[in-house]
Amino acid sequence: MMLRLLRWLVLGLIGVVVLALAGLWLWWQLDEPLSAEAQAWLVPDRRVVADADNAYLAMLAFDSSAPQPLPHAALVQARLDALNREPRPVADHEYAAVLADLKRGKPGGTFPDVCKRDSPSCLADLQQPELIALRAQRSQSLARYQAMLAMPQFLNRSPRVILNYAPPFQAHALYDTLIVADVVAGNWRSAWSRWSEQQLFWLRVAEHPGDLITLMVANGHLERGVRLLDEMLSWRPALAASIDQRGRDALAGSAEVSAWLVQAAPGELRFAAHILKRVTPINALREHGWRSLPESVVIAIWLRPNQTINRHQRQLAAELTRLGLMRAPNDAADHLACDGPVQWWTADWANELMVCAGAGDWAGYQQKLERLQRRSQAVLERLDRANGAGIDRRAVQ
């Protein structure tokens, strides 16, 4: 009797498991195919760029101690691309192991605060003796930064952010001290040449950032350059007379900021797809072990990746449409705004949760870019007024 009861109990449990698995399989079959719009956004940048011309690789290997950092960074990027194509969840330590081959180092000592938003004068910050001394100590970093500025392209195909933005930002400050030194010495043309080269480089990054974080970093570099120029023009008005076409192009290039956000949006979708394709119950347990939170497993069970990716694309398109940056092909996407609590009782609650978790403050990003646009235009108008007031460019050699 007991054996028969036990047998029926085992068979019943097996039946429950089989029915549950069949139900899950049927639920996952209801996932929709990727939309044409989502597929178009998921295609990475197709430009063909030689490794020697790609400033992304230079930034990736900026603080590398490898003998040949740029070719080494290309190999590391190829290994990272292979990890990104893995169908399983890739643990952070696996990415760290690959990046460790770059032999990234941290410069010793502290770096002074330079040109912060609340700083009274960027020009005064750049003339600190401590910063001038650091320029000699970190000559290799400055040389790499100058070489990077000369690279004609920036190609970022990575679905996840792996760049270390701090070393180039510090090198930017060291480079700015060279511009200020030229102004102090009256070398106007050299100052303009250095300033224009730096601004045009960060404009190239902003035009093809690959992701939103890189765009905001480029915007920060550009804003600091415009602020420095404005202060130098107040300090040495004669500097305005020696502006060349490259300098004007560097200022006028910030007029296309609306297109920059549109360029960055597909990168956000690629990152979301990179995560969503790996959200499965088995992967959740494999990544976190039995310590996984129950809700993470439930989300993985209930989630339909393609539907979530499609919804995320429509949500991004609707947000950019609301900001006047593009026209969404599906005007009905306006209801996807994440401005309320998740409706847990609906069949799509997991999709809604994942989409809204990745929603960003695009209006805030737009305001930062438009601030750069206004400041650039103001400085350009200032230069035009100064040169129209009688400053003879030909007199400045």
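Residues numbered from 1 in each chain as written. Predicted model: local features only at pLDDT ≥ 70, side-chain atom pairs only at ≥ 80, totals over all residues. Heavy atoms only, no water.

**Some points on the overall build of the chain**
We apply this condition: Every helix listed is a DSSP run of H or I at least four residues long, and every strand listed is a run of E at least two residues long, numbered separately from the N terminus. To sort residues, take the accessible area from a 1.4 Å probe on protein chains only and compare it with the maximum for the residue type: under 20% means buried, over 50% means exposed, and anything in between is partly exposed. In what follows, residue pairs with any heavy atoms lying within 4.5 Å of each other are defined as contacts.
When helices and strands are counted, the chain shows 18 helices and zero strands. For the chain, the proportion of its 397 residues judged to be buried stands at 45%. A sequence separation of at least 24 residues applies to 79% of the contacts in the chain between residues at least 6 apart.

**Describing the pattern of salt bridges**
Keep this limit in mind: Between Lys or Arg on one side and Asp or Glu on the other, a salt bridge is scored when a side-chain nitrogen of the former is within 4 Å of a carboxyl oxygen of the latter.
Using the criterion set out here, one finds 11 salt bridges in the structure. Between Arg79 and Asp101 there is a salt bridge, with its nearest N and O atoms 2.3 Å apart. Of the two residues, Arg79 sits in helix H4 (residues 69-84) while Asp101 sits in the loop between helix H5 (92-100) and helix H6 (122-125), which places them 22 residues apart along the sequence. Connected through shared salt-bridge partners, Arg117, Glu223, Arg371 and Arg375 make up one network.

**Digging into the state of the cysteines**
Put simply, the rule is: We call a pair of cysteine sulfur atoms a disulfide whenever their separation is within 2.5 Å.
The full count for this structure, using the stated rule, is one disulfide. Covalently, Cys115 is tied to Cys122 through a disulfide, its sulfur atoms 1.8 Å apart. Between Cys115 and Cys122, the disulfide has an S-S torsion of 70 degrees and is therefore right-handed. For the pair Cys115 and Cys122, a shared accessibility class is recorded, and that class is buried.

**Quick notes on the confidence of the model for the chain**
Going by this rule: pLDDT measures how confident the predictor is about each residue, on a scale from 0 to 100.
Taken as a whole, the chain shows an average pLDDT of 80; of its residues, 74% reach a score of 70 or greater. Note on residues 331-335: pLDDT under 50 across the span, and three contacts to partners over four residues away in sequence or across chains.

**Side note on the nonpolar core**
Within soluble globular proteins, side chains that are nonpolar tend to cluster in buried spots. For the record, the criterion: We call a set of buried Ala, Val, Leu, Ile, Met, Phe, Trp, Tyr and Cys residues a nonpolar core when their side-chain atoms join them within 4.5 Å.
Membership of the largest hydrophobic core comes to 92 residues, with the highest contact counts inside it found for Leu215, Leu229 and Trp260. Of the residues forming this core, the biggest block, 11 residues, is contributed by helix H11 (residues 212-235). With near-sequence residues (within four places) excluded, Leu215 lies in contact with Ala206, Pro209, Trp260, Leu261, Ala264 and Leu369.

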